[in-house]
Amino acid sequence: MRVRTIGFVVLAALAIWFIAANTGSITIRLWIPTVTLPLWIVLTVTLLVGIALGLLIARRRAQR
């Protein structure tokens, strides 16, 4: 296995553990509306958006 793959698996496991450990509800203000959600949903959405942006940036750099 490559070091990069092992690092990805370790980071993914830590992210999943962190999300699973934070199950309380929080209130988020989205400019005007206020939304109450479980923290694990907020963390999961944040993780997915971060992955999508990272892949987008990596793809654009590879095209240059």
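Structure first, text after, so check above.
A brief look at the structure comes next. (Residues numbered from 1 in each chain as written. Predicted model: local features only at pLDDT ≥ 70, side-chain atom pairs only at ≥ 80, totals over all residues. Heavy atoms only, no water.)

1. A short note on the overall build of the protein
Stage number 1. When you go through the protein residue by residue, the secondary structure sums to two helices and two strands.
Stage number 2. Reading the protein from its N terminus to its C terminus gives the helix and strand order α-β-β-α.
Stage number 3. Over its C-alpha atoms the protein spans a radius of gyration of 16 Å, topping by over 25% the 11 Å that the globule rule assigns to 64 residues.
Stage number 4. Expressed as a percentage of the 64 residues in the protein, the buried residues total 3%.
Stage number 5. When the accessible surface of the protein is totalled, it reaches about 5900 Å², and 71% of it is carbon and sulfur. (Helix = DSSP H or I, 4+ residues; strand = E, 2+ residues; numbered from the N terminus. Rg over C-alpha atoms; globule rule 2.2 N^0.38 Å. Buried < 20%, exposed > 50% of the residue type's maximum accessible area, 1.4 Å probe, protein only. Areas by Shrake-Rupley, 256 points an atom, 1.4 Å probe, with all protein chains shown as cover.)

2. As for unusual backbone geometry
Stage number 1. Not every positive phi belongs to a glycine, and Trp31 is a case in point at roughly 55°.
Stage number 2. Here Trp31 lies in the loop between strand E1 (25–29) and strand E2 (34–38).

3. Quick notes on the pairing of E1
The side chains of a regular strand alternate between the sheet's two faces.
Stage number 1. Little of E1 sits out of view: just zero of its five residues are buried.
Stage number 2. The pairing of E1 with E2 spans five bridges and is classified as antiparallel. The partner of Ser25 across the bridge, within E2, is Pro38. (Pairing = 2+ DSSP bridges.)

4. So, a nonpolar patch on the surface
Stage number 1. A surface patch of nonpolar side chains, about 830 Å² in accessible area, is lined by Met1, Ile6, Val10, Leu11, Leu14, Trp17 and Phe18.
Stage number 2. Structurally, the position occupied by Leu14 is in helix H1 (residues 3–21). (Patch = residues over 30% accessible without salt bridge, like charges linked within 9 Å, V, L, I, M, F, W, Y side chains within 5 Å. Salt bridge = Lys/Arg side-chain N within 4 Å of Asp/Glu carboxyl O.)

5. Here we look at the packing of H1 against helix H2 (residues 39–63)
Stage number 1. The N-to-C vectors of H1 and H2 enclose an angle of 155°; their axes lie 8 Å apart at closest approach. By the criterion of interaxial angle, the relationship of H1 to H2 is roughly antiparallel. The crossing of H1 and H2 is right-handed. Each of Ala15, Phe18 and Ile19 in H1 lies in contact with H2, whose residues at this interface are Trp40, Leu43, Thr44 and Leu47.
Stage number 2. Class assignment of the residues belonging to the contact of H1 with H2 gives a composition of six nonpolar, one polar and no charged. (Axes fitted to C-alpha atoms, helices over the stretch in contact; angles between N-to-C directions. Parallel < 35°, antiparallel > 145°, perpendicular 65-115°, else oblique. Left-handed = near helix turned anticlockwise from the far one by under 90°. Contact = heavy atoms within 4.5 Å. Nonpolar A, V, L, I, M, F, W, Y, C, P; charged D, E, K, R; others polar.)

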